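Residue strings, one per chain:
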Amino acid sequence: MDQNKKRIATIAFAMYFLTGASVIVVGCSLPHLMQRYGLDVSYVVMLGSSFALGRVCTAYLLGKLVQKKGPKFVLGIGVSCLTLFLLGLSVVDQFYLGLLCACFGGIGMAAQDCVCPCLLSLVYGDEYASKLSVGQALFGLGLFATPFLMGLCLKHDLAFYVSYYVLLVIPSVVVPLMVVTSMDGGSDTSNEMQVKELGVKDKRKAMGLLMLASAMYSATFNTLTMYTSSFALEMGMDASSAAFLLTAFNVGAMCGSFVFSFVLKKMKAENVLCMNNCVAFVVVLGMVVFKKWYYAGLFVTGFFIGVLFSVMISLATRVDTKRMSVASSLIATSGGCTEIVNPLLTGMLVSSFGVSMAYPFALGLLVVSIVVSVVLKRQIIK
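Quick caveat, the model's predicted, so the values are computed rather than measured.

## Structural notes on the overall build of the chain
Next, step 1: The helix and strand tally for the chain stands at 17 helices and 0 strands.
Next, step 2: Expected size for 382 residues packed as a compact globule is a radius of gyration near 21 Å; at 19 Å, the chain falls within 12% of this value.
Next, step 3: By its C-alpha atoms, the chain is 55 × 45 × 30 Å across when sized along the principal axes.
Next, step 4: A separation threshold of at least 6 residues defines the contact pool for the chain, and within that pool the share at least 24 residues apart is 84%.
Next, step 5: Of the accessible surface of the chain, which amounts to about 14,600 Å², a share of 67% is contributed by carbon and sulfur atoms.
Next, step 6: Where the 27 positive side-chain charges of the chain centre and where its 17 negative ones centre are 8 Å apart.

So, in structure tokens, the structure goes:
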């Protein structure tokens, strides 16, 4: 592998980490943001909706821009927006300005969704699917990093947002690398020859099922990450312990993504999608019924569902190899749409029935995910 491709891979993997660290910011900061803004949880969770709105409104446009302007242009947008998100949310005291900052964060995530799969397919070719899982593992490492750093800050009597400043090291590394790296080969045309097409009975139906699977996955992930810290506080844990409970879920997601990067070399992606949703359902059901084993249960749940977004991206880009950036953006858009609605819906449920209602709600989402993954398997030509 030449030096330019090594830099491309480094940038792509760094962006996975930064996006993972950013997407969890609202969820693990929720109790502290409620105090800062002086608002109820049903209002503050709108920050999550704003993040999702920024993602869903720009993902398809950014996918098209990758085709027209190239990946470096879109990547520059992504890095800038994620930097604005982390800086802005750490300093603004007005809720509506916080909503704007969260929207910038969503735009940054949309850029990563569109660009990074194309860059990895260019660099790794036949190992594309497994490298997507490595990227998802680094995304999971980012999900682990933010609550872990926040827990350390709170334990040492530092403000919760000091953890955001630590994360800004990543953009300071990525930007100089982008300047000296050529990404001219990152277009969909060049990537088409790198990725094997997936045979399906009906491309539109298969893509629709993948978009629905992405929506259910995003809602499940959003529910668990958004309310676990608040749930822990309701059980009587202190703020730092609550942050570490969420860390268990995110460590599981990170470890699972690394493990499944090897599993996917032997096991079909569609089988992983179905199997992992089933295991996650059983584990969450156990936590709801027995009301214990939360650390272990959240770790195992994260282990099995953490990799699924990269699995869906892999399947979608193989269904439509001629428009990989657009296929990636469609999966991101469907997930983003759910993330707009989900915090509003769960906010009402939590306000009415308590934070513990989040887990039965996640169970319902997993049931739908299992059904969709089974129907999708039947669409694939063996």
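## A closer look at the environment of M211
Next, step 1: The topology assignment puts M211 in helix α11 (residues 203-234).
Next, step 2: Residue classification places M211 among the partly exposed positions, given a relative accessible area of 26%.
Next, step 3: Distance in space between the C-alpha atoms of M211 and I331 is 5.2 Å, their sequence separation being 120 residues.
Next, step 4: Residues in contact with M211, not counting those within four places in the same chain, are L330, I331 and S334.

## Some thoughts on the packing of aromatic side chains
Next, step 1: On inspection of all chains with the given rule, the structure shows 13 aromatic pairs.
Next, step 2: Measuring from ring centre to ring centre gives 5.5 Å for Y37 and F95, while their planes differ by 70°; the resulting arrangement is edge-to-face. Within this pair, whereas Y37 is found in helix α2 (residues 25-37), its partner F95 is found in helix α6 (residues 95-124), the two being separated by 58 residues in sequence. Just as Y37 is buried, F95 falls in that class too.

## Remarks on the pattern of salt bridges
Next, step 1: Applying the stated criterion to the full structure yields 2 salt bridges.
Next, step 2: A salt bridge links R36 to D93, with the nearest nitrogen and oxygen atoms 3.6 Å apart. Here R36, found in helix α2, pairs with D93, found in the loop between α5 (71-91) and α6; they are 57 residues apart in sequence, far enough to count as distant.
Next, step 3: Given a relative accessible area of 21%, R36 falls into the partly exposed group.
Next, step 4: The class of D93 is partly exposed, set by a relative accessible area of 49%.
Next, step 5: The partner of R55 in a salt bridge is D113, and the shortest N-O contact between them spans 2.8 Å. In this pair, R55 sits in helix α4 (residues 46-69) while D113 sits in helix α6, placing the two residues 58 residues apart along the sequence.

## Description of the side chain of S29
Next, step 1: Mapped onto the fold, S29 is located in helix α2.
Next, step 2: At 2.6 Å, the side chain of S29 and the side chain of Y164 are in polar contact.
Next, step 3: Those residues in contact with S29 that sit more than four places away from it in its chain are M150, F160 and Y164.

## Focus: helix α13 (residues 269-290)
Next, step 1: Helix length check: α13 (22 residues) gives 32 Å between terminal C-alpha atoms against 32 Å at 1.5 Å per residue, within 8%.
Next, step 2: Within the span of α13, buried status applies to A269, E270, V272, L273, C274, N276, N277, A280, V283, V284, G286 and M287.
Next, step 3: Remark: K291 follows α13 within two positions and exhibits a positive phi of approximately 55°.

## Some words on the packing of helix α1 (residues 3-23) against helix α9 (residues 169-179)
Next, step 1: At a minimum axis separation of 10 Å, α1 and α9 run at an interaxial angle of 155°. Looking at the two axes, α1 sits roughly antiparallel to α9. Between α1 and α9 the crossing geometry is left-handed. Of the residues in α9, those in contact with R7, T10, I11, A14, M15, F17 and L18 of α1 are I170, P171, V174, L177 and M178.
Next, step 2: Taken together, the residues of the contact of α1 with α9 sort by class into 10 nonpolar, 1 polar and 1 charged.

## A closer look at the nonpolar core
Nonpolar side chains in soluble globular proteins tend to end up buried together.
Next, step 1: Core analysis: the biggest nonpolar cluster contains 121 residues, and M15 and L47 have the highest contact counts within it.
Next, step 2: Among the elements that line this core, the one with the most residues is α6, at 17 residues.
Next, step 3: M15 has contacts with L75, G78, V79, L82, Q112, C116 and V174, leaving out every residue within four places of it along the chain.

## Topic: unusual backbone geometry
Next, step 1: In this structure, D157 is a non-glycine residue whose phi angle is positive, near 60°.
Next, step 2: Mapping D157 onto the fold places it in the loop between α7 (128-155) and α8 (162-167).
Next, step 3: For D157, a relative accessible area of 73% translates into the label exposed.

## Focus on the environment of H32
Next, step 1: Positionally, H32 belongs in helix α2.
Next, step 2: Between the C-alpha atoms of H32 and T10, which are 22 residues apart in sequence, the distance is 33 Å.

Calculation rules
Note that residues are indexed from 1 along each chain, following the sequence as it is written. Whole-chain, interface and lining totals are the exception, using all residues; otherwise, since this is a predicted model, local features are given only for residues with pLDDT of at least 70 and side-chain atom pairs are given and counted only at 80 or more. As a convention, hydrogens and water are excluded, and side-chain values are obtained from all of the structure's heavy atoms. A run of H or I in DSSP counts as a helix once it spans at least four residues, and a run of E counts as a strand once it spans at least two, with each numbered from the N terminus. Throughout, radius of gyration means the C-alpha value; the globule benchmark is 2.2 Å times the number of residues raised to the power 0.38. Only heavy atoms matter for contacts: two residues are in contact if any of them lie within 4.5 Å across the pair. In this description, accessible areas are obtained by the Shrake-Rupley approach with a 1.4 Å probe, and a residue is regarded as covered only by the protein chains that are shown. None of His or the chain ends enter the tally, which takes Lys and Arg as positive and Asp and Glu as negative. Note that the charge is assigned to NZ on lysines, CZ on arginines, CG on aspartates and CD on glutamates. When accessible area is computed with a 1.4 Å probe and restricted to protein chains, residues below 20% of their type maximum are described as buried, those above 50% as exposed, and intermediate ones as partly exposed. Note on ring pairs: Phe, Tyr and Trp rings are taken, using the six-membered ring of Trp, and paired if centres are within 6.5 Å. Classes follow the plane angle, with under 30 degrees stacked, over 60 edge-to-face and the rest tilted. Salt bridge, as used here, is a side-chain nitrogen of Lys or Arg placed within 4 Å of a carboxyl oxygen of Asp or Glu. Polar contact criterion, stated in full: a pair of N or O atoms within 3.5 Å, where within protein one must be able to donate a hydrogen and the other to accept it, and residues adjacent in sequence count only if both atoms are side-chain atoms. One fewer than the residue count of a helix, multiplied by 1.5 Å, yields its expected span. An axis is simply a line fitted to the C-alpha atoms; with a helix, the fit covers only the stretch in contact. Between two such axes, the angle follows the N-to-C directions and lies from 0 to 180 degrees. An angle below 35 degrees is read as roughly parallel, one above 145 as roughly antiparallel, one from 65 to 115 as roughly perpendicular, and any other as oblique. For a crossing to be left-handed, the near helix must be turned anticlockwise from the far one by less than a right angle; the clockwise case is right-handed. When residue character is reported, Ala, Val, Leu, Ile, Met, Phe, Trp, Tyr, Cys and Pro are called nonpolar, Asp, Glu, Lys and Arg charged, and the others, Gly included, polar. Buried Ala, Val, Leu, Ile, Met, Phe, Trp, Tyr and Cys residues form a nonpolar core when they are joined through side-chain atoms within 4.5 Å.

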